[in-house]
Amino acid sequence: MGNYTREEVLQMAEEEDVEFIRLQFTDMFGNLKNIAITARELPRALDNKYKVDSSFIAGLAVEKEPDMYLYPDPNTFIILPWRPQQSRVARMLCDIYRPDGTPLKRSSRYIMKRVAQEAAADGYTCYIDPECEFFLFHTDENGVPTTVTHEKAGYLDIGPVDLGENARRDMVLNLENIGFEVVSSHHETAPAQHEIDFHYGEMTEMADSIMTLKMTVRTIAKRHGLHATFMPKPREELNGSGMHIHFALFKDGKNIFDDPDGEDGLSKEAFCFIGGLLKHSREMALITNPLVNSYKRLVPGYEAPTELTWTKYNQNSLVKVSYERGADTRIELRSPDSASNPYLVFAVCLAAGLDGIKNEIQPVKSANCSDDEDSEMRHSIENLPENLGEAIALFEESEWIRGILGNEFCEEYAAAKKKQWRKYNRQITEWEIQQYLYCI
């Protein structure tokens, strides 16, 4: 994505024969919404004159003033390469504003930008490198998504074993066409599971990029007769899909996580940032892992984190530290999944890490269970919530999370998640039928 002025957007739209523009924004759950306008209306849109009825949009509705105005971000103007090359289609991501010209503070993009601005006021700039995993499944004869795949490919396998190779290549080419720097793509551990990785960038840019990637992946998958899903755990017997996040924190042009004289080449700030992530991970789990299904991924044996420790190698640990040092020093948080809202995830994670630095929170290192002392230590280690209900309770009890997201946002978000949890718990599953119907 570029660095465009209003006039440059208008010029590009005219020169590239853009006829339709999608004004897009994200609801509190990370779902992309949009309203399409014609090129004739683009100047009006860039003057922030377009409004939407927020009554039915999660996290945006305000009872006394349902109309909200879309403020397009010119830097997010892209032409969608998979749409027709005549009368082309472009999009811009938008911020949400009230009729009085003030930003809607419950908007997830606003929340993230506010956290980033507060960090910048203290001299910090956060760069993020996400790993976006997803599954490609077949659809049935009616085009309805299934969890069926015919492939048996595993980690880093290639075609013809990797049956999604052509679709994944097409996704990457379209993302590059848009202007994204795709570092790599590959087949992941589970059959039909894939990953696309961007070059790292500033957190607002990367949150926007993840929303664009999801739209691109789903669109191109459909063109290949496949269904792309970012569901964390679509198949019980397979590894789930995560969105591991690599953080680098810069101050005065230097990656402050790096210290050649420190333990493992890491600075005091790096360890405290990890400490903040570990301390707050349980109360922010409802943001990083927002679905009932999210917690079926976070179980031992499937390369997903469960314990609140840091490590360089243990797959059970929440945080891993890369071997690179210098400007490339990264701290990897492994719990988030791709079903989460990236704006909210980045906001709470940065706030947690900075709280660790501010209060000098020391992290717990992963134990090696080869002796009795470490085995005893393992028993004292905290774990992530086991289910959505536990995550909701921790979220609601947290004054810290309310300070980051705001009371109104937290109340509406928790109420929606409670509704999901109650509905899930009322379901009669096939497992229950098999276990109880015939023998009780």
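Our subject is the structure listed above.
It should be emphasised that the depicted structure is a prediction, and the values quoted were computed from it without experimental measurement.

K.L.:
A description of the layout of surface pockets should follow, citing residues and the corresponding values.
P.N.:
Size it by volume and the largest pocket reaches roughly 670 Å³. Every residue lining the largest pocket is counted, 31 residues in all, and those nearest its centre are Glu131, Glu195, His244, His246 and Glu332. Among the secondary structure elements, those contributing two or more residues to the lining of the largest pocket are strand E7 (124-138), strand E9 (193-198) and strand E15 (317-321). Here the lining of the largest pocket is built from residues that sort into 5 nonpolar, 11 polar and 15 charged. When its volume is computed, the second largest pocket comes out at roughly 490 Å³. Around the second largest pocket, the lining comprises 15 residues; the ones closest to its centre are Glu236, Lys296, Tyr424, Thr429 and Trp431. Of all the secondary-structure elements, those providing two or more residues to the lining of the second largest pocket are helix H13 (407-425) and helix H14 (430-437). Grouping the amino acids of the lining of the second largest pocket by side-chain chemistry returns 6 nonpolar, 4 polar and 5 charged.

K.L.:
Summarise a nonpolar patch on the surface; cite the residues concerned and give the values.
P.N.:
Together, Trp431, Tyr436 and Ile440 make up an exposed nonpolar region whose accessible area comes to about 410 Å². Mapped onto the elements, Tyr436 comes out in helix H14.

K.L.:
I'd like to hear about a positive patch on the surface, residue by residue, with values.
P.N.:
A cluster of basic side chains, namely Lys419, Arg422, Lys423 and Arg426, defines a positive patch on the protein surface. Of note, Arg426 is situated in the loop between H13 and H14. Arg426 sits in the exposed class, given a relative accessible area of 62%.

K.L.:
Could you give an account of the pairing of strand E2 (residues 32-38), naming the residues involved and the relevant values?
P.N.:
Two faces, one strand: in a regular strand the side chains alternate between the faces of the sheet. Pairing between strand E1 (residues 18-26) and E2: 7 bridges, direction antiparallel. Note that in E2 the partner of Ile21 across the bridge is Ile37. In sequence, E1 turns back onto E2 through a hairpin of 5 residues, with Gly30 there showing a positive phi of about 85°.

K.L.:
An account of empty space enclosed by the protein is requested, with residue identities and associated values reported.
P.N.:
For the structure shown, the criterion picks out 1 cavity of 30 Å³ or more. In this structure, the largest cavity spans a volume of roughly 60 Å³. Contributing to the lining of the largest cavity are Gln24, Phe25, Thr26, Leu93, Cys94, Ile96, Ser107, Ser108, Arg109 and Tyr343. Contributing elements (two or more residues each) for the lining of the largest cavity: E1, strand E6 (88-97) and helix H3 (108-121). Each residue belonging to the lining of the largest cavity can be placed in one class, and the counts come to 5 nonpolar, 4 polar and 1 charged.

K.L.:
An account of helix H11 (residues 388-397) is requested, with residue identities and associated values reported.
P.N.:
Every buried residue of H11 is accounted for by Leu388, Gly389, Ala391, Ile392, Leu394 and Phe395. Considering only its buried residues, H11 is in contact with helix H7 (285-288), helix H8 (294-297), helix H12 (399-405) and H13. Where H11 begins, the side chain of Asn387 points an oxygen toward the backbone nitrogen of Gly389, at a separation of 3.1 Å.

K.L.:
Just give me the short version of the nonpolar core, but keep the residues and values in it.
P.N.:
Leu249, Phe346 and Leu405 are the most contacted members of the largest nonpolar core, which has 93 residues in total. No other element matches helix H9 (residues 342-359), which puts 12 residues into this core. What Leu249 contacts, discounting residues up to four positions off in sequence, is Tyr124, Thr125, Cys126, Lys254, Asn255, Ile256, Phe257, Phe273, Leu350, Leu354 and Ile357. Counting 23 residues, the second-largest nonpolar core is a separate cluster that includes Ala13, Phe25, Tyr50 and Ile57.

K.L.:
Give a description of unusual backbone geometry that names residues and reports values.
P.N.:
Each neighbour pair has its own omega, and for Gly159 with Pro160 the value is 5°, a cis peptide bond. Turning to its location among the elements, Pro160 is positioned in the loop between E7 and helix H4 (165-178). Even without being glycine, Ser87 reaches a positive phi, approximately 50°. Relative to the helices and strands, Ser87 resides in the loop between strand E5 (78-79) and E6. For Ser87, a relative accessible area of 37% puts it in the partly exposed group. Phi angles above zero are rare outside glycine, and Asp252 is one such case at about 55°. Tracing the sequence through the fold places Asp252 in the loop between strand E12 (245-251) and strand E13 (254-255). Accessibility expressed as a relative area gives 77% for Asp252, which makes it exposed.

K.L.:
If you had to explain the side chain of Asp95 to someone new, which residues and values would you point to?
P.N.:
Summarising the element assignment, Asp95 is placed in strand E6. For Asp95, a relative accessible area of 12% translates into the label buried. In terms of polar contacts, Asp95 uses its side chain to reach the side chain of Lys113, at 3.0 Å. Beyond its immediate chain neighbours, meaning those up to four positions away, Asp95 contacts Tyr69, Leu70, Tyr71, Arg109 and Lys113.

K.L.:
Give me the lowdown on the side chain of Ser294, citing residues and values where you can.
P.N.:
Note on placement: Ser294 falls in helix H8. Exposure remark for Ser294: the relative accessible area of 0% places this residue in the buried category. Polar side-chain contacts of Ser294 include one of 2.8 Å to the side chain of Asp337. Those residues in contact with Ser294 that lie beyond four places of it in its chain are Pro232, Asn289 and Asp337.

Analysis parameters
Residues numbered from 1 in each chain as written. Predicted model: local features only at pLDDT ≥ 70, side-chain atom pairs only at ≥ 80, totals over all residues. Heavy atoms only, no water. 1 Å grid on protein atoms, 1.4 Å probe; cavity = no way out; pocket = protein on both sides within 12 Å on 5 of 7 lines; lining within 4 Å. Points joined across faces, edges and corners; volume = space filled by probe spheres on them. Helix = DSSP H or I, 4+ residues; strand = E, 2+ residues; numbered from the N terminus. Nonpolar A, V, L, I, M, F, W, Y, C, P; charged D, E, K, R; others polar. Patch = residues over 30% accessible without salt bridge, like charges linked within 9 Å, V, L, I, M, F, W, Y side chains within 5 Å. Areas by Shrake-Rupley, 256 points an atom, 1.4 Å probe, with all protein chains shown as cover. Salt bridge = Lys/Arg side-chain N within 4 Å of Asp/Glu carboxyl O. Lys, Arg positive; Asp, Glu negative; His and termini not counted. Charge placed at Lys NZ, Arg CZ, Asp CG, Glu CD. Buried < 20%, exposed > 50% of the residue type's maximum accessible area, 1.4 Å probe, protein only. Pairing = 2+ DSSP bridges. Contact = heavy atoms within 4.5 Å. Polar contact = N/O pair within 3.5 Å; in protein donor to acceptor, adjacent residues only side chain to side chain. Core = buried A, V, L, I, M, F, W, Y, C linked by side-chain atoms within 4.5 Å.

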